[in-house]
Amino acid sequence: MSAPLPSTVRHLIVGAGFAGLCAAIKLQEDGETDFLVVEKGLDVGGTWRDNTYPGATCDVPSQLYSYSFASNPEWSSSYSPQPEIQAYIRDVAERSGTLDRFRFATRFEDAAWDDAAQVWRSRITGPDGERTVESRTLVVGAGSLSEPRLPEIAGIETFGGDLFHSARWDHDVDLAGKRVAVIGTGASAIQIVPELQQLLESTGGHLDVYQRTAPWVIPRNDRRYGSLERRALRRLPLLRKAYRTGVYWAHEGYVPAFTVEPRLAAPAKQAALANIRKGIKDPALRERVTPYFEIGCKRILRSNTWYPALAADTTELVTDPIAAVTPGGIVTADGTERPVDAIVVATGFHTTDLPFAEHVTGTAGRTLADVWRESGMAAYKGSTVPGFPNLFVLVGPNTGQGHTSMVFIIEAQVAYLRGALRAMREHGWGAVEPRVPPFRRWNSNLQRRMRRTVWTTGGCESWYLDEHGRNTTLWPKSTVTFRRQLARFDADAYTTTPATPIRTDRQEQPA
Ligand code: N01
């Protein structure tokens, strides 16, 4: 049984995915040991704990999709499957010596800033009920791809068969021999569909894939590591580092194509078109899966098996829009009803309306969601927001990546957080809050830069853009630039307030 929740703690971290765990480890390294990590799930891992769908695999190479301070020589292949990534995160957590301050099955309900006491007061519900926890800082690592977005389709609630989201796979449902529909053709669906197609083909079932927008899909070229290679990676940390650096720069090569000149992505486009030709013989089907927009406008996907799975006799690609779901099937706009036993909705996540924002109330008594609804989701350096002192958002607005590892971004943000905490300690500040002018400059710069990116000019609709067409999710420059911008805590961009004493339950405060 885990220890009861303390009523005060120096730092409250929400979420135990890559981001929350990284914050915990690095705070510990700095001697900031008085923290608490609350996690609604039963384990660390975040999105890698939740996404257990068949075929779940990282589409960023494993060497890069891991912490720089915990490289792993044991990956079985160049793109790791979900169970290996989950095992990696768990292993890092166990070795970090921080797990005693993690509380699982414990939900962050909401938090409000108390200006006089300079604390966040959070309502937390754990196995022992609800408790208020006061903390000087609130670090949110709740993830930007954690809350499933269910499609709003007429009649979907009347469906009589099994229906679940890709990120909440129901392993109790046996799909063998069934008629199954997958709605969506994004990063999750292109991994699920080939697995389902194999299962259904071998068991006399059938698969309908509902495509609203054809994605660009380049080959994945996955490769299993041989035993010699693994031994070399295990024994030679410098080789691991060089490998990681090579993969990093190979991916960073996409940045100019996304942000300056889309024509630079011509080789990727050719590879995607060749992938279609290789996987599909039927010219009509080839045409239906060929995207209409510029490559890169939506996330470029990677698969060798997606097109063959769509071309299989037991699969039907449906491109007529869905009109309704009935108790027994899906009806498209042309009036056809296709009966199904199960529906997998691979329709993505809430990204431009991050759900945690509804639950955080700042100095003006308004929630972050209220502020963002009015003026669009925005933060200073993707991390802090005026009116919300000592709130640090990891994987915040405009930090997302279409081409490389989010772990790199998380580490840069945690470095910034550490800088802020160091400055607070050294100067005796109880609160830091970004000033409005630097915040505005940062965001107008970003949005100006955004105008010429392929995400804006590429002719697609994507979840990168909010309802006003503003890209509030992606970072429009190189990740090197991001890291450089966040390398130092720039106190001059902040209003700083001297500390009033804070009461804590623990004795292990740094001086
Ligand atoms: O979600 P998505 P995802 N009716 O939003 C369609 C990460 N990820 O879960 O394109 C019909 O990309 C929608 O159609 P359209 C990665 O960052 C990483 O696949 O909007 N269709 C689209 O086809 C990724 O970007 C890995 O027209 C509807 C699909 O559903 C992010 O997660 C692996 C619909 C949603 O695609 C999200 O990927 C997997 C409707 N009402 C995911 N609503 C890695 O390997 C939506 N769609 C690291």
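Undergrad: So what about the overall build of the chain? Which residues, and what values?
TA: If you tally the helices and strands in the chain, you get 15 helices and 20 strands. By the compact-globule yardstick of 24 Å for 511 residues, the chain fits well, its C-alpha radius of gyration being 23 Å. The dimensions of the chain, computed from C-alpha atoms along their principal axes, are 70 × 50 × 45 Å. Evaluated residue by residue, the chain yields a buried proportion of 57% over its 511 residues. Put simply, 74% of the contacts in the chain that link residues at least 6 apart link residues at least 24 apart. Looking at the chain as shown, the accessible area adds up to about 21500 Å², and 51% of this sits on carbon and sulfur atoms. The chain carries 59 positive and 57 negative side-chain charges, and their two centres are separated by 9 Å.

Undergrad: Quick one: what's the story with the packing of aromatic side chains, residue by residue and with numbers?
TA: In this description, a pair of aromatic rings is defined by centroid distance and the angle of the planes. In this structure the tally under the stated criterion is 25 aromatic pairs. The interplanar angle of 35° and the centroid separation of 6.1 Å between the aromatic rings of Phe-102 and Phe-104 together place this pair among those described as tilted. By relative accessible area, which is 19% here, Phe-104 ends up buried. On the numbers, 5.9 Å between centres and 50° between planes, the contact of Phe-258 with Trp-455 is tilted. Here Phe-258, found in helix H7 (residues 255-259), pairs with Trp-455, found in helix H14 (residues 454-457); they are 197 residues apart in sequence, far enough to count as distant. For the pair Phe-258 and Trp-455, one class covers both residues: buried. Members of the aromatic cluster, connected to one another through ring pairs, are Phe-18, Trp-48, Tyr-65, Tyr-67, Phe-69, Trp-75 and Tyr-88.

Undergrad: Describe the site of the ligand, listing the residues and the values that go with them.
TA: Taken together, 23 residues lie near the ligand, and Asp-59, Ala-187, Ser-188, Thr-213 and Lys-298 sit nearest. Arg-299 is positioned such that a nitrogen or oxygen atom in its side chain is 3.2 Å from an oxygen atom of the ligand. Protein contact buries 85% of the 920 Å² of open area that the ligand shows by itself. Looking at side-chain class alone, the shell around the ligand contains 10 nonpolar, 9 polar and 4 charged residues. Taken domain by domain, the makeup of the shell around the ligand includes at least three residues from each of domain 1 (8-147 + 350-509) and domain 2 (156-215 + 257-345).

Undergrad: I'd like a description of the side chain of Ser-62, backed by residues and values.
TA: With respect to the helices and strands, Ser-62 occurs in the loop between helix H2 (47-50) and helix H3 (82-96). Take Ser-62: its relative accessible area is 1%, and that puts it in the buried class. Excluding residues within four positions of it along the chain, Ser-62 makes contact with Trp-75, Ser-77, Ser-78, Tyr-79 and Ser-80.

Each value, and the rule that gives it
Residues numbered from 1 in each chain as written. Predicted model: local features only at pLDDT ≥ 70, side-chain atom pairs only at ≥ 80, totals over all residues. Heavy atoms only, no water. Helix = DSSP H or I, 4+ residues; strand = E, 2+ residues; numbered from the N terminus. Rg over C-alpha atoms; globule rule 2.2 N^0.38 Å. Buried < 20%, exposed > 50% of the residue type's maximum accessible area, 1.4 Å probe, protein only. Contact = heavy atoms within 4.5 Å. Areas by Shrake-Rupley, 256 points an atom, 1.4 Å probe, with all protein chains shown as cover. Lys, Arg positive; Asp, Glu negative; His and termini not counted. Charge placed at Lys NZ, Arg CZ, Asp CG, Glu CD. Phe/Tyr/Trp six-rings, centres within 6.5 Å; stacked < 30°, edge-to-face > 60°. Near = heavy atom within 4 Å. Polar contact = N/O pair within 3.5 Å; in protein donor to acceptor, adjacent residues only side chain to side chain. Nonpolar A, V, L, I, M, F, W, Y, C, P; charged D, E, K, R; others polar. Domains from an automatic or database assignment.

Worth remembering: the numbers are spatial, not functional.
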